Amino acid sequence: MRFQVLGPLRVATGSGWTAVRARQQRLVLAILLTESGKVVSTDRLTTELWGDRPPSSALNTVQAYVLRLRRLLGDAGSALLVTAGSGYQLVAPDDEVDSRVFTQLVHDGQQSLAAGRLSTAVDQLARAEALWRGPALSETADTPALAAEAAQLERLRLVAVETRMSVELGLGRHADVVGELARLVTAHPLVEGLRGQLMLALARCGRRSEALTAYQQGRMVLDDELGIPPMHELAELHRAILAGEPVLASPFERCTTSVAASPPDTAPAPNQLPPDIGDFVGREDEVGAVVDALTGGLSTTATPVLAVTGQGGVGKTTLAVHVAHRLRESFPDGQLHADLRGTEPEPADPARVLAQFLVALGMDGQALPTGVEERAIALRMLLADRRVLLVLDNAAGEQQVRPLLPGSATCAVLVTSRTTLTGLSARQVPLLPLDHAAAVRLLATILGEERVAAQPADAAAIVARCDYLPLAVRIVGARLAARPAWPLARMAARLDDEAQRLGELATGDLAVRDSIEASYRKLDPDSQRALRMLALLELTAWPTWLLAALLDLPPARTDTLLERLVDTQLLVGTATETGHFHYRLHGLVGLYARERAEHEETEQERVAALTRALDTLLAVAGVADRALAEHIVWPGEAPSWHPDENLAAEVVRDPLTWFDTERGTLVAAVRQAVRSGLTTHAWKIAVQVVDYYAHRGHYDDWLLTHQLASRACVEAGDRLGAAVITRNLGYLQAVGARTPPLDLEAAEATLRELGHRRGVVDVCGLRALVSLRRGDLAEANALAQVAARMAEGLGYEFAQARPWHLRALTSRHQGRYDEATGCAERGLELAERTGNMYDRVLALVELARACTSRASAAPVLSRLDDAVDRYCRRREPLLGTSLMLARAELAVRLGLAVNRRTIERCMAVFDQHGVLWGQATCLRLLGTLETRAGRAAAGIELLTRAVELAERPGLDLELAQALTALGTAHQADGDTARAVHAFHQALARYDHLGNEIEGLAVLALIPEDRPAPQR
């Protein structure tokens, strides 16, 4: 079985050479052939075949292509084309693939040339050229990878031709090759080496005028196509021919013997490394990984190549030089070093770097080959079987690095770059800023241990403001070292000002701003604008869809720009805790980008971009909110603007996960909207997230966002926003969380004035709850009736459950338990139908508290268990804890089994959030359990604390129950006087509430000889 790729792709089977007709199958076979027996993943095949938009059936289609290829290969198909892991491997010997045979012959020819066997070299190179039947992969080189492979083969073909021609000329065969050279120059007019060889052959054949014409034609082509003059060697040859000087020797032929003329063992071992630094700290893991990769070897034949990448100033060069010095003994034949100037406007020319290396390795500067390919070949030949380490610092990209790579596994290459060098077959070591401890240690190394140890907090603040970037820490250290009288706090304070921070991070010829600017200037205009715009968002990290809105670009184009910034180490891609992908800027890069935005974008452009981003965030949050199963406030109508359909569908599938992912984004967005004067955006985003906060119990975020928005609304005179925010804080207060004092009456009046009738219903219901907790049952009932009538009139079903809860609670306070149960059942039905989570919990709690018999307790307990499980799974603390406590209270009241630890867990939650009624109830239940267990003294202590808490306004019923339990505990402890006193107090509270049933029950506990006072 044989394969041909040096021309149209063909396969030799038992019946002769066969073309692969189907394009996609041809591509799959070509990719497998060019990978030289390596496993090619199905993901790679899918990308090559369909790019970024594969069909849903891509995997099955690839499998079908492979099956057809196996059939094409005949009986040997299954053995040649095998499944390996998550991909496929073509197991074909090198001598059965013409491109591999070609490469080996070129290598053999170069080795023969190096050994001085010129005729053998000519024969081997000619055989290599004869394998070509046309352009490499001529019918398949339409994918990026195959196009690159075809281009590489074509370059090597030219190297082979040019090398053979130089040998032929060196052997005096100018007359034999002049015709072939003329055809080659016509086919490759920009290859100056071939043109020089043609001029040399023509001159030696006595055809001087044709040689001069060939030069003039080449000069015009170079000027027209590239705008450059001929290279120096070509111009010198032209001058010699024009002057009529005999061309006895030329660089276009002397390269055939130059390597052989400088045997490797005659040249001294070069050491071009810059000096190592004395204060290298940290990086133990990275240093170990680099050392292992360069000395352990990943292959017996491949050159170990390792690429250290990272942002400017992160310490790539320092690490590379440090490691290279450590490895000098491992590479006794020398260490080559070159600054490739990748961040400068004109990076180093690989031809010049190769010349530098060749001279360092002992080659005569006058005998240097002319072109990049020839010099690369010479370098590989000189380094064959030598142990040399090459350090290629500050690379611009893969194209600059490739010609500089040796071909021997005895050598190793260490590359540093700000660009992700994914196109190299290299192990990647991304370098991040230092960790906190290493950054402080670096500062201490520069300033002295004592100075830093004496001011640890300020040292920590300094390295944090430096973003833990080694360059920034070194600059600050150098400045402080020059000012020994300065306390570290002074520098920390100077760095606190973000507007001045980059200015502070400069000393001598070192400046963080200059380092970042070098990367910025290498970007194309679209990427520069993207970086500037990203800095406008004062968020920790951002999803792609939000950045697409910010940039006003389609998501696909946005993703391309973002990945370009990631590749240049200016942006970081990071996974969230929920597994989603976000981007973030390095801190100091963000400050620089913000500076550029202020200089290069108008204020109108900046405000418009931020507004687009906040509009999009608000719209997507609205989609997520409406997709939640339960709400604490009415989610409102759908907005007039809708986000991308694919994004909306993803959010609707799992709205809670979306909120979890963007929780920090939403808080930061409210904060930035407030600072930017976008008050409406601030309060609307805050309001849109309330249901999520209620689901998860993120009460701190709820309070923070609403307080920020509330202050902004007051300052901006946004009365509607202020009223809606007050309503939502009322819900937070109702849940049991701490809030500042609220003026619900004023909020209700504003909403009524502005025609926000549903808001009026909401606030009226909240005021009824406040009145109830204050003990004013009459006002609570009146407000509840108003809210009920308005909700029914508006068809506002979402708010109709709450008045039923208030009726249930009032009835229970007055001892009408059957009536309370009926009202709670009606409220629960409405709450479940509308997804009103708060009213559902209130109704369940009332059902539990109104239950008076074991016979009716079983279904109530079952419903409570289901609800507790639901709220605990969503990690909501207060509502779930209220349900747990209601269940425990029902069990204690009916003498059922109850886990004391459950009540203690409830107590811990209520203590954390300062929920007085919950704390009082927990203490009452725990005290009751102690009393029943025969530990009356412990019960009395707990119940006394419960009474103290319940004496606060609005807890009348809880106070009456706590006093009753305290009296029972005193009675169990034999203290009848204190028992009767507590019973009398409880009786007075029940009288105040109008709860005659509970009052009679307490009266029955008082001994007949200790009658109650006159009522």
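Residues numbered from 1 in each chain as written. Predicted model: local features only at pLDDT ≥ 70, side-chain atom pairs only at ≥ 80, totals over all residues. Heavy atoms only, no water.

When helices and strands are tallied, the protein chain shows 49 helices and 15 strands. Relative to its length of 1015 residues, the protein chain is extended, with a C-alpha radius of gyration of 41 Å against a globular reference of 31 Å. Expressed as lengths along the three principal axes of its C-alpha atoms, the size of the protein chain is roughly 140 × 80 × 60 Å. Buried positions account for 54% of the 1015 residues belonging to the protein chain. Within the protein chain, counting contacts between residues at least 6 apart in sequence, those at least 24 apart form 67% of the total. Across the protein chain, the centroid of the 107 positively charged side chains sits 1 Å from that of the 125 negatively charged ones. (Helix = DSSP H or I, 4+ residues; strand = E, 2+ residues; numbered from the N terminus. Rg over C-alpha atoms; globule rule 2.2 N^0.38 Å. Buried < 20%, exposed > 50% of the residue type's maximum accessible area, 1.4 Å probe, protein only. Contact = heavy atoms within 4.5 Å. Lys, Arg positive; Asp, Glu negative; His and termini not counted. Charge placed at Lys NZ, Arg CZ, Asp CG, Glu CD.)

In this section: the packing of helix α10 (residues 208–225) against helix α11 (residues 232–242). At a closest axis distance of 10 Å, the pairing of α10 and α11 adopts a crossing angle of 150°. As summarised for this structure, α10 and α11 are arranged roughly antiparallel, according to the angle between their axes. Between α10 and α11 lies a crossing of left-handed hand. Together, Arg208, Ala211, Leu212, Tyr215 and Gln216 of α10 and Leu234, Ala235, His238, Ile241 and Leu242 of α11 make up the contact between the two elements. Partitioned by chemical class, the residues of the contact of α10 with α11 number seven nonpolar, two polar and one charged. (Axes fitted to C-alpha atoms, helices over the stretch in contact; angles between N-to-C directions. Parallel < 35°, antiparallel > 145°, perpendicular 65-115°, else oblique. Left-handed = near helix turned anticlockwise from the far one by under 90°. Nonpolar A, V, L, I, M, F, W, Y, C, P; charged D, E, K, R; others polar.)

This part is about the pairing of strand β8 (residues 335–339). Most of β8 is tucked away: four of the five residues are buried. Where β8 and strand β9 (residues 389–395) come together, five bridges link them in parallel fashion. Residue pairing for β9: His337 is matched across the bridge by Val391. (Pairing = 2+ DSSP bridges.)

Next up on the list: the sheet that holds strand β3 (residues 16–19). What the three strands build is an open sheet, ordered β1-β2-β3; its pairing is antiparallel. Lying at the two open borders of the sheet, with one neighbouring strand each, are β1 (2–4) and β3. Recorded for the sheet is a direction-independent mean angle of 30° between the axes of neighbouring strands. With three bridges joining them, β1 and strand β2 (residues 10–13) adopt antiparallel strand pairing. Looking at the pairing, Phe3 lines up with Val11 of β2.

In this model helix α7 (residues 144–170) runs 39 Å from its N-terminal to its C-terminal C-alpha over 27 residues, within 8% of the 39 Å that 1.5 Å per residue would give. Positioned one or two residues after α7, Gly172 has a phi angle of 80°, which is positive. (Expected span 1.5 Å × (residues − 1).)

Topologically, Gln912 is positioned in helix α44 (residues 900–913). As for Gln912 and Leu949, which are separated by 37 residues in sequence, their C-alpha atoms are 15 Å apart.

Counted under the stated rule, the structure contains 49 salt bridges. A salt bridge links Arg441 to Glu284, with the shortest nitrogen-to-oxygen separation between them at 3.7 Å. Placement of Arg441 in helix α18 (residues 436–447) and of Glu284 in helix α13 (residues 284–296) is noted, with a sequence separation of 157 residues between them. For Glu284, a relative accessible area of 55% corresponds to the exposed category. Here Arg849 and Glu889 are joined by a salt bridge, their closest N and O atoms 3.4 Å apart. Of this pair, Arg849 sits in helix α41 (residues 837–850) while Glu889 sits in helix α43 (residues 878–893), placing them 40 residues apart in sequence. (Salt bridge = Lys/Arg side-chain N within 4 Å of Asp/Glu carboxyl O.)

This paragraph deals with the state of the cysteines. Across all of its chains, the model carries zero disulfides by this definition. There is no disulfide at Cys823, and the cysteine sulfur nearest it, in Cys851, is 16 Å away. Exposure remark for Cys823: the relative accessible area of 9% places this residue in the buried category. Not part of a disulfide, Cys922 finds its nearest cysteine sulfur in Cys906, a span of 5.2 Å. The class of Cys922 is buried, set by a relative accessible area of 0%. (Disulfide = S-S within 2.5 Å.)

Turning to the nonpolar core, a few remarks are in order. Ile462, Ile632 and Trp658 are the most contacted members of the largest nonpolar core, which totals 218 residues. In terms of residues, this core owes the most to one element, helix α29 (residues 603–627), which gives ten residues. Beyond its immediate stretch of four places on either side in the chain, Ile632 contacts Val690, Asp691, Ala694, Trp702, Tyr731, Val735, Phe798, Arg802, Met837 and Tyr838. Grouped together as the second largest cluster of nonpolar side chains are 43 residues, Leu45, Leu73, Val106 and Ile377 included. (Core = buried A, V, L, I, M, F, W, Y, C linked by side-chain atoms within 4.5 Å.)

A few words on a nonpolar patch on the surface. Together, Leu190, Leu226 and Ile228 give the surface a local cluster of nonpolar side chains, amounting to about 240 Å² of exposed area. Inspection of the secondary structure assignment puts Leu226 in the loop between α10 and α11. (Patch = residues over 30% accessible without salt bridge, like charges linked within 9 Å, V, L, I, M, F, W, Y side chains within 5 Å. Areas by Shrake-Rupley, 256 points an atom, 1.4 Å probe, with all protein chains shown as cover.)

We now examine the sheet that holds strand β11 (residues 427–430). Pairing is parallel across the open sheet formed by five strands, whose spatial order is β8-β9-β10-β7-β11. Strands with a single pairing partner mark the edges of an open sheet, and in this sheet they are β8 and β11. In this sheet, adjacent strand axes meet at a mean angle of 15° when their direction is disregarded. Of the strand pairs in this sheet, strand β7 (residues 305–309) and strand β10 (residues 412–417) are connected by five bridges, and their pairing is parallel. Following the sheet pairing, Val308 is matched in β10 by Thr416. Helix α14 (residues 316–326) contacts β7, β9 and β10 of the sheet and is inclined by roughly 165° relative to β10.

With that settled, the discussion passes to the packing of helix α25 (residues 525–534) against helix α27 (residues 555–567). Two quantities define a packed helix pair, namely the angle between the axes and the distance from one axis to the other. The geometry of α25 relative to α27 is characterised by a closest axis approach of 10 Å and an angle of 90° between their N-to-C directions. By the criterion of interaxial angle, the relationship of α25 to α27 is roughly perpendicular. Residues Asp526, Ser527, Ala530, Leu531 and Leu534 of α25 lie in contact with α27, whose contacting residues are Arg557, Leu561, Leu562, Arg564 and Leu565. Among the residues making up the contact of α25 with α27, the classes are represented as six nonpolar, one polar and three charged.

For the protein chain, the domain assignment lists domain 1 (284–430), domain 2 (436–517) and domain 3 (903–1014). A straight line from the C-alpha centre of domain 2 to that of domain 3 covers 62 Å. (Domains from an automatic or database assignment.)

Once that is clear, we can look at the packing of aromatic side chains. Taken as a whole, this structure holds ten aromatic pairs when the rule is applied. On the basis of an interplanar angle of 75° and a centroid distance of 5.5 Å, the ring pair of Tyr520 and Tyr592 is categorised as edge-to-face. Of this pair, Tyr520 sits in helix α24 (residues 512–521) while Tyr592 sits in helix α28 (residues 587–600), and the two are 72 residues apart along the sequence. Site record: aromatic cluster; members linked through ring pairs are Trp545, Trp658, Phe659, Tyr692 and Tyr693. (Phe/Tyr/Trp six-rings, centres within 6.5 Å; stacked < 30°, edge-to-face > 60°.)

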